[in-house]
Amino acid sequence: MPLRAGLHTGEIEIRGSDIGGIAVHTAARVMAQSQANEILVSRVVTDLVAGAGLTFSERGSHELKGLPGRWDLFAAN
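Residues numbered from 1 in each chain as written. Predicted model: local features only at pLDDT ≥ 70, side-chain atom pairs only at ≥ 80, totals over all residues. Heavy atoms only, no water.

Draft legend 1. Layout of the overall build of the protein chain. Scanning the protein chain from N- to C-terminus turns up two helices and six strands. For the protein chain, the sequential pattern of α-helices and β-strands runs β-β-β-α-β-α-β-β. For the protein chain, the spread of C-alpha atoms along the three principal axes comes to 35 × 30 × 30 Å. Within the protein chain, the fraction of its 77 residues that count as buried is 26%. Put simply, 53% of the contacts in the protein chain that link residues at least 6 apart link residues at least 24 apart. (Helix = DSSP H or I, 4+ residues; strand = E, 2+ residues; numbered from the N terminus. Buried < 20%, exposed > 50% of the residue type's maximum accessible area, 1.4 Å probe, protein only. Contact = heavy atoms within 4.5 Å.)

Draft legend 2. Spatial organisation of the sheet that holds strand S5 (residues 56-63). Taken together, four strands build an open sheet; the order of strands is S1-S4-S6-S5 and the sheet is mixed. Of all strands in the sheet, those with a lone pairing partner are strand S1 (4-7) and S5, marking the two edges. Across the sheet, the mean angle separating the axes of adjacent strands is 25 degrees when strand polarity is ignored. Each of S1, strand S4 (38-42), S5 and strand S6 (70-76) touches helix H1 (residues 22-33); the most contacted strand, S1, lies at about 140 degrees to it. (Pairing = 2+ DSSP bridges. Axes fitted to C-alpha atoms, helices over the stretch in contact; angles between N-to-C directions.)

Draft legend 3. Spatial organisation of the nonpolar core. With six residues, the main nonpolar core is built from Val30, Leu40, Leu64, Leu67, Leu73 and Ala75. Once residues lying within four places of it in the same chain are set aside, the contact partners of Leu73 are Val30, Gln33, Leu40, Val41, Ser42, Ser57, Glu58, Arg59, Gly60, His62 and Leu64. (Core = buried A, V, L, I, M, F, W, Y, C linked by side-chain atoms within 4.5 Å.)

Draft legend 4. Spatial organisation of the pairing of S5. Alignment of S5 against S6, held across six bridges, turns out to be antiparallel. Residue pairing in the sheet places Ser61 in a bridge with Asp72 of S6. The loop that links S5 with its antiparallel partner S6 comprises six residues; one of these, Gly66, has a positive phi angle of about 80 degrees.

Draft legend 5. Looking closely at the pattern of salt bridges. Enumeration according to the criterion identifies four salt bridges in this entry. The shortest N-O distance in the salt bridge between Arg43 and Asp72 comes to 3.2 Å. Pair noted here: Arg43 is in helix H2 (residues 43-48) and Asp72 is in strand S6, with a separation of 29 residues, a long-range link. On the basis of relative accessible area, Arg43 is assigned to the partly exposed category, the value being 38%. Note that Arg70 is salt-bridged to Glu63, the shortest N-O span being 3.4 Å. Of the two residues examined, Arg70 and Glu63, each falls in the exposed class. (Salt bridge = Lys/Arg side-chain N within 4 Å of Asp/Glu carboxyl O.)

Right, here's the structure in full:
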């Protein structure tokens, strides 16, 4: 079964038993850009894990629906 994932990090809002906020919205938009069997991450994630030995491939700059500007995305290897 193919799957796809999007990772971003940031502050979230706790809404009862649910979460929300711009970071959750951003992660969903990053995931929407991924292909089957691909994990895409935002530049925020690559910056936070620098030096950890993880590798990423550039996937270009994208406009993410509902978010300002362009976002650099990377595929986790």
